[in-house]
Amino acid sequence: MSRPQEPHKPFLPFGNPFRRMSPKGSYLSPKLLALLDTFEETLQGRINNLRPVGRDDVLRLSWMRIAMDTLCEIHTDVKTLITALELPVCDWDDKWIDVYLDDSVKLLDICIAFSSEISQLKQGHLFLHCVLRNFGGAPTKQFERARSSLEGWKQHVAKKNPRFDNCFCAMDVLAEKLDLPKIKNSAKGNVLMRAMYGVKVVSLLVCSIFAAAFSGSTKKLMDIQVLESFSWAAAFSELQAFVNTEIRSLHSSGRTTILKELEAVDTDVKKLYPIVQEEANLVEAQVLVSSTSDLGKSAEKLSQGLDLLAKDVDRFFQIVLTGRDTLLGNLRIGGNASDGVRRVNFKGGPLVC
């Protein structure tokens, strides 16, 4: 656990994952080495593409969409690697199965929390829509309804999402289990675990960034250290340092909202709110028109961005869920899978290899 006097202490994975992935007696054939190199080179490229162009791009919905697309790509990449390894699920060690299933269920919990938060923000758009529609009737009634809607918006976005407790818990568990199980006498198993480690590290970083964006807090923003022996380690460290530094800078400046499009709406709400508190006949028409126009533009940009991000989060959820279902669907009843794994069957029927 983090100590109060060291709020930004880097998270250190327990043990040495590289050493555990390369126990004595393990030998990678040229074919396996080529598969691993291709996977890690691709992973490095995806990490490089994820780096924002500039500081202002950090925590924009457009960049968050790129981040979610990247997670979809790397999780698809590891599925492709599993197929190329020609390693039937019924030949998997229990520990490999446990790692895959445990990680996937935590990612599903995190996706549910993100989808819930996006849905809550989209519901808040109704208040803004009411504000913009209210300026059409009697001036006094206009301002009264607008004030009510703006107050409703502020209260709505200030509400804490209870699902984030599960999200934070899932992230903590993923972080604590970054160390990989020891693989003995299985070169294919070593390749698989090494690849899954890289996928988990990038997934955890992106999830911690999303959690910071949605919660407005850097409490769960993680600093993950990976061994330099991974070819993608330098790209990952540079990305993490760049994004985390900017997020902490935004938070330390006193901003309660660090998601850029949400901050833009909040700024426009704050400009309009004192205007509608005035007597209707004392407000200059041009000031009112300008303020409502600005709010309309920022609200629409937020709404459209959230709609697109929601689709990306759902796509990632489906990729993780499909991978989990495929694994469970190929396990043999009475095989090597642990009892805990055999009890989980999303499809309701027998699990066969």
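Residues numbered from 1 in each chain as written. Predicted model: local features only at pLDDT ≥ 70, side-chain atom pairs only at ≥ 80, totals over all residues. Heavy atoms only, no water.

Evaluation of the coordinates by the stated rule reveals 2 cavities of 30 Å³ or more. Counted as a void, the largest cavity has a volume near 220 Å³. Together, 16 residues line the largest cavity, and His75, Tyr100, Asp103, Leu107 and Val199 are the ones closest to its centre. Those elements that place two or more of their residues in the lining of the largest cavity are α3 (61-84), α4 (94-133), α7 (187-215) and α10 (285-329). Classifying every residue of the lining of the largest cavity by side-chain character gives 10 nonpolar, 3 polar and 3 charged. (1 Å grid on protein atoms, 1.4 Å probe; cavity = no way out; pocket = protein on both sides within 12 Å on 5 of 7 lines; lining within 4 Å. Points joined across faces, edges and corners; volume = space filled by probe spheres on them. Helix = DSSP H or I, 4+ residues; strand = E, 2+ residues; numbered from the N terminus. Nonpolar A, V, L, I, M, F, W, Y, C, P; charged D, E, K, R; others polar.)

As a rule of thumb, soluble globular proteins bury nonpolar side chains together. The biggest cluster of nonpolar side chains holds 107 residues, and the ones touching the most others in it are Trp92 and Phe214. If one sorts the elements of this core by residue count, α7 sits on top with 20 residues. Apart from residues lying up to four places away in sequence, Trp92 is in contact with Ile82, Leu87, Ile97, Tyr100, Leu192 and Leu327. (Core = buried A, V, L, I, M, F, W, Y, C linked by side-chain atoms within 4.5 Å. Buried < 20%, exposed > 50% of the residue type's maximum accessible area, 1.4 Å probe, protein only. Contact = heavy atoms within 4.5 Å.)

Inspection of the secondary structure puts Leu28 in the loop between α1 (17-21) and α2 (30-50). Among the residues examined, Leu28 registers a relative accessible area of 25% and is labelled partly exposed. For the pair Leu28 and Ser186, spaced 158 residues apart in the sequence, the C-alpha separation amounts to 9.2 Å. Among residues more than four places away in sequence, those in contact with Leu28 are Leu33, Leu36, Ala187 and Val191.

Attention now goes to the layout of surface pockets. Estimated volume of the second largest pocket: approximately 520 Å³. Contributing to the lining of the second largest pocket are 25 residues, with Val157, Lys160, Phe214, Ser215 and Gly216 lying nearest its centre. Elements that contribute at least two residues to the lining of the second largest pocket include exactly α4, α5 (139-158), α6 (163-176), α7 and α9 (260-276). Its residues assigned to classes, the lining of the second largest pocket comprises 11 nonpolar, 7 polar and 7 charged.

Scored by pLDDT, the protein has a mean of 82; 82% of the residues are at 70 or more. Under a pLDDT of 50 for its full length, residues 1-25 has, in the predicted model, 41 contacts with residues more than four places off or in other chains. Scored below 50 in pLDDT, residues 332-353 makes 43 contacts in the model with residues more than four places away or belonging to other chains. (pLDDT = per-residue confidence, 0-100.)

Moving on: the environment of Cys207. Structurally, Cys207 is set in helix α7. Aside from chain neighbours lying at most four places away, what touches Cys207 is Leu107, Ile110, Phe114 and Met171.

Before going further, it helps to spend a moment on the pattern of salt bridges. Counting across every chain of the model gives 17 salt bridges. Across the pair Arg46 and Asp77 runs a salt bridge whose closest N-O atoms are separated by 2.6 Å. Residue Arg46 is found in helix α2, and its partner Asp77 is found in helix α3; the two are separated by 31 residues along the sequence. Exposure remark for Asp77: the relative accessible area of 17% places this residue in the buried category. Asp69 serves as the salt-bridge partner of Arg315, at 2.7 Å between the closest nitrogen and oxygen. Here Asp69 lies in helix α3 and Arg315 lies in helix α10, a separation of 246 residues in the sequence. Through salt bridges that share partners, Arg46, Glu73 and Asp77 make up one connected network. (Salt bridge = Lys/Arg side-chain N within 4 Å of Asp/Glu carboxyl O.)

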